[in-house]
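Chain and residue survey
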Amino acid sequence: EDAYVSFEEVMYLRDFTAGNYTIQFTTVPDDNHNAVVVNVTVTINRLPSSISIESVVVDYTDKFNVSFSVTGAEDITPVIVEAPEADIIWDMEENVITVTGLNTGSYILNVVTVPDANHEAAEANVTIVVNKVDSTLTVSDAVVRYGETAVVPVSAQGADSINATLLGYPDAVINYLSDGIT
């Protein structure tokens, strides 16, 4: 019976980026054998990147933030589907998307990762709900003498107009001026 030596080795590849690699194996023969060369292909597949982001409900304001986290991505591309005119700024170091310019309503925020060399793009869609808030109304009391015109200073924010009614006097005439109500 012939004596032989058998080798079973395991080769580990570490710290390679995604891609295809050719590895050449060559035997170092003994006196009774010739060298053999075998090429093998090792494919390291890209993994999906990931994004974690939650739906948000906010009260109407000029600006609000949405937090996110990503793995395997160098950047993101956020878009509010129904409001492309909304201003969106994001900070990859702080993991925050700042949104301005949205009126009240429900919107879909679509975020796509810009992957690094070892990952594939991932996508997430979340809902942003912007709730209405109360308008503001500031009215000052007025004290006048009989026969004088009462001027009542009024200011409002978040209103297109102001209605005024003199309670108990439905036929009273109320005039609006730029600096108050008479």
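That block above? That's the structure.
Rules and cut-offs
- Residues numbered from 1 in each chain as written.
- Predicted model: local features only at pLDDT ≥ 70, side-chain atom pairs only at ≥ 80, totals over all residues.
- Heavy atoms only, no water.
- Pairing = 2+ DSSP bridges.
- Helix = DSSP H or I, 4+ residues; strand = E, 2+ residues; numbered from the N terminus.
- Axes fitted to C-alpha atoms, helices over the stretch in contact; angles between N-to-C directions.
- Buried < 20%, exposed > 50% of the residue type's maximum accessible area, 1.4 Å probe, protein only.
- Polar contact = N/O pair within 3.5 Å; in protein donor to acceptor, adjacent residues only side chain to side chain.

The next point concerns the sheet that holds strand 6 (residues 63–71). Strand order in the open sheet formed by 4 strands is 4-6-9-8, and the pairing between neighbours is antiparallel. In this open sheet, the two strands that pair with only one neighbour each are strand 4 (50–53) and strand 8 (87–91). Within this sheet the neighbouring strands show an average axis-to-axis angle of 25°, counted without direction. Pairing analysis gives 4 bridges linking strand 4 to strand 6, with the strands arranged antiparallel. Within strand 6, the residue paired with S52 across the bridge is S69.

A few words now on the environment of E82. Relative to the assigned elements, E82 resides in the loop between strand 7 (73–80) and strand 8. On the basis of relative accessible area, E82 is assigned to the partly exposed category, the value being 44%. Among the polar contacts made by the side chain of E82, one reaches the main-chain amide nitrogen of I108 at a distance of 2.9 Å.

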